[in-house]
Amino acid sequence: VSTVRGETVKGASSDATRRHFLDTASRTRNATFCLVPSGYTASSRRFYEALAAGCIPVVVSDQFPLPFRDALDWNRAVVRHGQRDVASLPRRLAAIGAEEVARRRAAALELFDRVDYASGAAVAMLLD
């Protein structure tokens, strides 16, 4: 028995999992900033989910490697913030103006198109 968004389910209920996924996707699309903490691997799916939603990825990690960093200017979209100074993050994000938010969100969508393996763009970049 497990709980997904307050709903108790037996095992891995595909309906509850689907509802949770769709709810998360909706919240991500409506968010301005999406936290991307370091995870168990060198990268995080949260990073790609944020980009796909046009949400500004806020990488809270001292070691997070950005893909194709030699070919893409991630500074246009990503906000990097050190793990040891998380207390100052809300103040930092609140100081980002509306024009910069719009630019970063647009850049996130543009950069996602460049790293989306499904579209073939990332594969083409690898082959160049």
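This structure is a prediction, so every number in the text was calculated from the model and none was measured.

Thoughts on the nonpolar core
Nonpolar side chains in soluble globular proteins tend to be buried together. With 16 residues, the main nonpolar core has F47, L51, V59, F64, L72, W74 and V115 as its most contacted residues. Counting only elements with at least two residues in this core, the list comes to α2 (45-53) and α4 (98-115). Excluding its chain neighbours within four sequence positions, the residues that come into contact with W74 are F47, L51, L66, P67, F68, R69, L111 and V115. Of all hydrophobic cores here, the second largest spans eight residues; its members include I56, L89, L93 and V101.

Some remarks on unusual backbone geometry
Non-glycine residue F68 carries a positive phi angle of around 50°. Residue placement: F68 occurs in the loop between β4 (56-60) and β5 (79-81).

What about the packing of α2 against α4?
Following both chains from N to C, one finds α2 and α4 inclined at 115°, their axes separated by 7 Å at the closest point. For the element pair α2 and α4, the recorded crossing hand is left-handed. Every residue of α4 that contacts α2 at Y48, L51, A52 and A53 is listed here: R105, A108, L109, F112 and V115.

As for the pattern of salt bridges
Summed over all chains, the structure comprises four salt bridges. The residue E110 makes a salt bridge to R76 at a minimum N-O spacing of 2.9 Å. Taken together, the positions of E110 in helix α4 and R76 in the loop between β4 and β5 put the pair 34 residues apart, joining distant regions of the chain. Judged by its relative accessible area of 41%, E110 is partly exposed. Residue classification places R76 among the partly exposed positions, given a relative accessible area of 33%. For the salt bridge of E100 with R104, the shortest nitrogen-to-oxygen distance reads 2.8 Å. Of the two residues, E100 and R104 are both situated in helix α4; the distance of four residues between them amounts to about one turn of the helix. Given a relative accessible area of 28%, E100 falls into the partly exposed group.

Some points on the sheet that holds strand β3 (residues 33-37)
One open sheet holds the three strands; their spatial order is β3-β4-β5, and the pairing between them is parallel. On the outer flanks of this sheet lie β3 and β5, each paired with one strand and no other. Shown here is a sheet whose adjacent strand axes are inclined to one another by a mean of 25°, direction ignored. The strands that α2 touches are β3 and β4; relative to β3, the one it contacts most, it runs at about 165°. Sitting on the sheet, α4 touches β3, β4 and β5, and the angle it makes with β4 is about 90°.

Points about the environment of W74
Looking at the secondary structure, you find W74 in the loop between β4 and β5. Note on W74: relative accessible area 4%, which makes it buried. For the pair W74 and L111, spaced 37 residues apart in the sequence, the C-alpha separation amounts to 7.9 Å.

A few points about the pairing of β4
With five of five residues buried, β4 lies mostly within the body of the structure. In β4, alternate side chains face the same way, and those of I56, V58 and V60 on one face and P57 and V59 on the other are all buried. Where β3 meets β4, five bridges bridge the pair, whose relative direction is parallel. Its bridge partner being in β4, L35 is matched across the sheet by V58.

Here is what the cut-offs are and how they apply
Residues numbered from 1 in each chain as written. Predicted model: local features only at pLDDT ≥ 70, side-chain atom pairs only at ≥ 80, totals over all residues. Heavy atoms only, no water. Core = buried A, V, L, I, M, F, W, Y, C linked by side-chain atoms within 4.5 Å. Buried < 20%, exposed > 50% of the residue type's maximum accessible area, 1.4 Å probe, protein only. Helix = DSSP H or I, 4+ residues; strand = E, 2+ residues; numbered from the N terminus. Contact = heavy atoms within 4.5 Å. Axes fitted to C-alpha atoms, helices over the stretch in contact; angles between N-to-C directions. Left-handed = near helix turned anticlockwise from the far one by under 90°. Salt bridge = Lys/Arg side-chain N within 4 Å of Asp/Glu carboxyl O. Pairing = 2+ DSSP bridges.

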